[in-house]
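# Analysis of the macromolecular model
Below are the chains, spelled out letter by letter.
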Amino acid sequence: MVMENFRKQIKISFFNPIIHFLPLLLFLVTAMYAGRTVANYVSIFVLLVSAVYVFIAYNQIFIWFFLSCVIFLAVNIVGSIIRLPIIFLSFRPLLDEALTLVFLGGMMLLQKRIKKGIMALIPKTLPMNNNLDEYFGFIRTIFLIILGYVLATGFIYAFPTQRETAYLQLVQAIYVGILFFVLVFESLRVQIIRARLLKEEWLPIVNLQGKIIGSVQHQASLGEKRKFMHPIIRVHIIQDGMILLRKRPADDLSYPLHWDTAISNHIRMGETVEDCIKRTAQELYGLTELKSFFLSNYITHTDFEQHYAFLFIACKMNKIDLQSEKVKQAKWWTLQQIEENLQEGIFTENFLIEFDLLKKSGVLENNICDCACKLKETIFKAPHLFR
């Protein structure tokens, strides 16, 4: 069920922009060959089918699709009631294309306002920057195609020749061919990108209770203006009254070269908390068995995102290799060493929160953390830990 929702989320985050403008483009092309009456029947039927499809499959962004429906209906209605002066009657076949250019041009001029309005209407858990960029990119493409057709056809009407009909048919064929090519190309491109996105790292978006309410590609999340909340795991390895800490790499976005818990990572979409702990322990230390106990949840903020942390304790495990390339900056810290350096700015904010929780749990002072210890009992007896 989680992976099914994940795939749906990818489709929503990379919505095919063609669906927005398919009724309008079909109307323009059909009107060219069969007249406005037939074009109305065909395009309105496609509009209704598309609307039902988007409402069922992409109901979260239906209001966005509705905007495109309004544009189509506006072009259709205005084109039906407008009356051209006699001097311009020869240009009547280009009226719908000209109106389309006016509406599309207006949208490009008001791009920032339209984006802001759409973002206000769409649920905040949906990453829309990519969708809106694709949307206006497609608008620019079809605007240029229609503009080229209008200019070429208008030139033929303005300077009629004996081969006028042949020239018009040639221009129309090129116009329709280019539109068809763009529609096919865009559809294939969207499918290829969606397939690629499925292979990339996607993170769940959670609410304040830790419930998954969406997902977003990791790099896209870092580039969003609004900060999404992602679940992370944090595991403190404790042994003989010492804590294993690992220095974060120099290229870390949040806390470069700061000391932090031995095991921490983002939980991927479709991955459980336990699976994430096992994967990270294996990747960093080669640990295949790691018994951990849940301690607490808390929420923190960085410059790029929010974290819903799952804090665990692990102790008395197989020997850890601290000489591997990935953990060459890891070492054991005593309680006294940590206390002496708390004000030096060398620890992450997450660790400072967690160190306070660890002290309240009684695990560090009592030095009772081992495989057969009464760790759970000690933690639940801590009077202030969960208040």
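Scroll up to find the structure.
Residues numbered from 1 in each chain as written. Predicted model: local features only at pLDDT ≥ 70, side-chain atom pairs only at ≥ 80, totals over all residues. Heavy atoms only, no water.

## Notes on the pattern of salt bridges
Evaluated as defined, the whole model comprises 10 salt bridges. Note that Arg189 is salt-bridged to Glu134, the shortest N-O span being 2.4 Å. You can see Arg189 sitting in helix H8 (residues 164-199) and its partner Glu134 sitting in helix H7 (residues 129-158), a full 55 residues away along the chain. We classify Arg189 as partly exposed; its relative accessible area is 22%. Overall, the relative accessible area of 16% leaves Glu134 in the buried class. Glu271 is paired through a salt bridge with Arg279; the nearest N and O atoms lie 2.7 Å apart. Residue class for Glu271 comes out buried when judged on its relative accessible area of 18%. When salt bridges with common partners are traced through the structure, they connect Arg234, Arg248, Asp260 and Glu354 into a single cluster. (Salt bridge = Lys/Arg side-chain N within 4 Å of Asp/Glu carboxyl O. Helix = DSSP H or I, 4+ residues; strand = E, 2+ residues; numbered from the N terminus. Buried < 20%, exposed > 50% of the residue type's maximum accessible area, 1.4 Å probe, protein only.)

## Overview of the side chain of Asn16
One can find Asn16 in the loop between helix H1 (2-13) and helix H2 (18-34). Looking at Asn16, its side chain comes within polar contact range of the main-chain nitrogen of Ile18, at 3.1 Å. If sequence neighbours within four positions are ignored, Asn16 has contacts with Ser187, Val190 and Arg194. (Polar contact = N/O pair within 3.5 Å; in protein donor to acceptor, adjacent residues only side chain to side chain. Contact = heavy atoms within 4.5 Å.)

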